[in-house]
Every structure is written in structure tokens, then in C-alpha cells.
Amino acid sequence: MLIRGPELAELAREMRAYPNLPDGSDPRERRPSTLPGRLFVPLVLRHRDRRLRFFSMFATFGTAFDITIAGLAVESFFPADVETTAALQATSASAV
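The following refers to the structure shown. (Residues numbered from 1 in each chain as written. Predicted model: local features only at pLDDT ≥ 70, side-chain atom pairs only at ≥ 80, totals over all residues. Heavy atoms only, no water.)

1. Comments concerning the overall build of the protein
Okay, step 1: Summing up its helical and strand segments, the protein has 4 helices and 3 strands in all.
Okay, step 2: Every one of the 96 residues in the protein was classed for burial, and the buried ones make up 7%.
Okay, step 3: Relative to all contacts within the protein whose residues are 6 or more apart in sequence, the contacts with residues 24 or more apart total 32%.
Okay, step 4: For the protein, the accessible area works out to roughly 8500 Å², and carbon and sulfur atoms hold 61% of it. (Helix = DSSP H or I, 4+ residues; strand = E, 2+ residues; numbered from the N terminus. Buried < 20%, exposed > 50% of the residue type's maximum accessible area, 1.4 Å probe, protein only. Contact = heavy atoms within 4.5 Å. Areas by Shrake-Rupley, 256 points an atom, 1.4 Å probe, with all protein chains shown as cover.)

2. Here we look at the sheet that holds strand β1 (residues 43–47)
Okay, step 1: Pairing in this open sheet of 3 strands is antiparallel, and the strands run β1-β2-β3 from one edge to the other. Because the sheet does not close on itself, it has two edges, and the strands there are β1 and β3 (73–79). Adjacent strand axes in the sheet meet at a mean angle of 35 degrees, parallel and antiparallel pairs treated alike.
Okay, step 2: Of the strand pairs in this sheet, strand β2 (residues 50–60) and β3 are connected by 7 bridges, and their pairing is antiparallel. Each bridged residue has a counterpart across the sheet, and for Thr60 the counterpart in β3 is Ala73. (Pairing = 2+ DSSP bridges. Axes fitted to C-alpha atoms, helices over the stretch in contact; angles between N-to-C directions.)

3. Let's talk about a nonpolar patch on the surface
Okay, step 1: On the surface, a nonpolar cluster with roughly 360 Å² of combined accessible area is contributed by Leu8, Leu11, Met15 and Tyr18.
Okay, step 2: Mapped onto the elements of the fold, Tyr18 is located in the loop between α1 (6–16) and α2 (35–39). (Patch = residues over 30% accessible without salt bridge, like charges linked within 9 Å, V, L, I, M, F, W, Y side chains within 5 Å. Salt bridge = Lys/Arg side-chain N within 4 Å of Asp/Glu carboxyl O.)

4. Some thoughts on the pairing of β1
Okay, step 1: Here 5 bridges tie β1 to β2, and the two strands are oriented antiparallel to one another. Across the sheet, residue Arg46 finds its bridge partner in β2, namely Arg51.
Okay, step 2: Here β1 folds back onto β2, and the loop between the two strands holds 2 residues, one of which, Arg48, carries a positive phi near 55 degrees.

In C-alpha cells form, the structure reads like this:
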């Protein structure tokens, strides 16, 4: 819930004064492929002449009653950009 008021306006002014913030005038700032680098640190792998970028997520079992399952964490990697998605799709299509 957003509540308008002088405190929120002051916070917005303060945040706009931070150095090196993108202003949206550069078209490269709006490209989807640049967005993942701002949200997380991608895993970058070099494969032949390509750079493959991935982000990962951890899944854990929060209410496990078994001590073995309580310590289990599953890490999954997902493509972080269009180029990596295309490379993975091409690889999986040629493997079939």
C-alpha cells in the first residue's frame, strides 16, 4: 500500500540524487537482456565462442521433520538472457 505524504516525497528526492542512476534516456538501459545483471549476479560460462549466462534459485524444505531432508537444498539454473536460451534450445534440439 502506497501512502502519499511529505516523507515519501522526501525519500523520492533523496533517491533521485544518488549518483550513476539510469535515467531511461539510453535505449540500452531498457533492453531485457541488460535487466538480469541489475537484479542478480549471473553465472557466466564460456562455451566455444559463446558466453552463457544463468541465474540460480535454491529450494529448501522449511518444515521437514526428517533431519536428512531438513538439510537438503536443491539449486536450479535458468537462462538469464535470450542468447543463452537460444543456445540451450539449439543444443537440446540437436541432441534428439
